[in-house]
Amino acid sequence: SMILYTGLAHIESETGIARQVPTPANSLKSAVKRYEAGQIVFAKMRPNLRKVALMEFQEGGYVSPECIVLEVRTDSTGHLLIDPMLLSALLRSEFVYGQIMHLIAGIGRPRLSTKDLRQVRIPVADANKQAKARMQFDADLQASRKIRANASALLKQAADLEKSAVEDLAMSFVAGD
């Protein structure tokens, strides 16, 4: 059967972007972990890459055993203590990496233990401050995406100009100009 799988290669470094890939279940050689929409996946292997993503897919899936699946705690009324998007971003930050870098073990395949990750201290702001922070974060991401789109268009324009320069040069030799 096919499962929706998110391996380490399907989580981008530092961006919080992850993909689900339909994968034959029998092709996976190790135990996988289940995640649901709204949960956070944190890659324990090579934590310096900051592969942390909020799973915002329509349906849950399975993740590499090199990841831990985190869920935001709720208060006594059932409200989330912190916006999951903000927490996933904080988990990619220098603030958190500074807390874990001395706990990473291994040279060839450095990893962080689940126990050590659970010791990370995250400050939780009140709901109003979180809402403002989320608005600013979303605006910053939107601006970043716009700049990336412009940069991509400029790179395409530069590649087209280079190709045109080569073809123009060839034509000038052929035409004898």
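What you see is a predicted model; the values in this text were computed from it and never measured.

Cut-off values and rules
- Residues numbered from 1 in each chain as written.
- Predicted model: local features only at pLDDT ≥ 70, side-chain atom pairs only at ≥ 80, totals over all residues.
- Heavy atoms only, no water.
- Buried < 20%, exposed > 50% of the residue type's maximum accessible area, 1.4 Å probe, protein only.
- Helix = DSSP H or I, 4+ residues; strand = E, 2+ residues; numbered from the N terminus.
- Polar contact = N/O pair within 3.5 Å; in protein donor to acceptor, adjacent residues only side chain to side chain.
- Contact = heavy atoms within 4.5 Å.
- Pairing = 2+ DSSP bridges.
- Axes fitted to C-alpha atoms, helices over the stretch in contact; angles between N-to-C directions.
- Parallel < 35°, antiparallel > 145°, perpendicular 65-115°, else oblique.
- Left-handed = near helix turned anticlockwise from the far one by under 90°.
- Nonpolar A, V, L, I, M, F, W, Y, C, P; charged D, E, K, R; others polar.

Considering unusual backbone geometry
With a phi close to 65°, E14 is a non-glycine residue in the positive phi region. We classify E14 as exposed; its relative accessible area is 55%. The backbone of R50 shows a phi angle near 55°, a positive value even though the residue is not glycine. Within the secondary structure, R50 sits in the loop between strand 4 (40-43) and strand 5 (52-54). Take R50: its relative accessible area is 10%, and that puts it in the buried class.

Examining the side chain of R50
Side-chain polar atoms of R50 contact the side chain of E94, separated by 2.8 Å. When neighbours within four sequence positions are excluded, R50 is seen to be in contact with E12, S13, E14, R92, S93, E94 and Y97.

Notes on helix 1 (residues 84-91)
Here helix 1 lies mainly inside the structure; seven of its eight residues are buried. Check the buried side of helix 1 and you find it contacts strand 4, strand 5, strand 7 (67-70), helix 2 (94-100) and helix 4 (127-175). The backbone nitrogen of M85 lies 2.7 Å from a side-chain oxygen of the residue at the head of helix 1, namely D83.

Considerations on the sheet that holds strand 2 (residues 21-24)
Here we have four strands laid out as an open sheet, ordered 2-1-6-3, and mixed in their pairing. On the outer flanks of this sheet lie strand 2 and strand 3 (33-35), each paired with one strand and no other. If you compare each strand with its neighbour and ignore which way they point, the axes differ by 50° on average. Note: strand 3 against strand 6 (residues 61-63), three bridges, orientation antiparallel. Counterpart to R34 in the pairing with strand 6 is Y62.

Looking at the packing of helix 1 against helix 4
In the contact formed by helix 1 and helix 4, the axes pass within 10 Å of each other and the chain directions differ by 70°. The angle between the axes of helix 1 and helix 4 places the two elements in the roughly perpendicular class. Handedness of the crossing formed by helix 1 with helix 4: left-handed. Listed contacts from helix 4 to M85, L86 and A89 of helix 1 are Q130, A133, R134 and F137. Of the residues in the contact of helix 1 with helix 4, the class split is five nonpolar, one polar and one charged.

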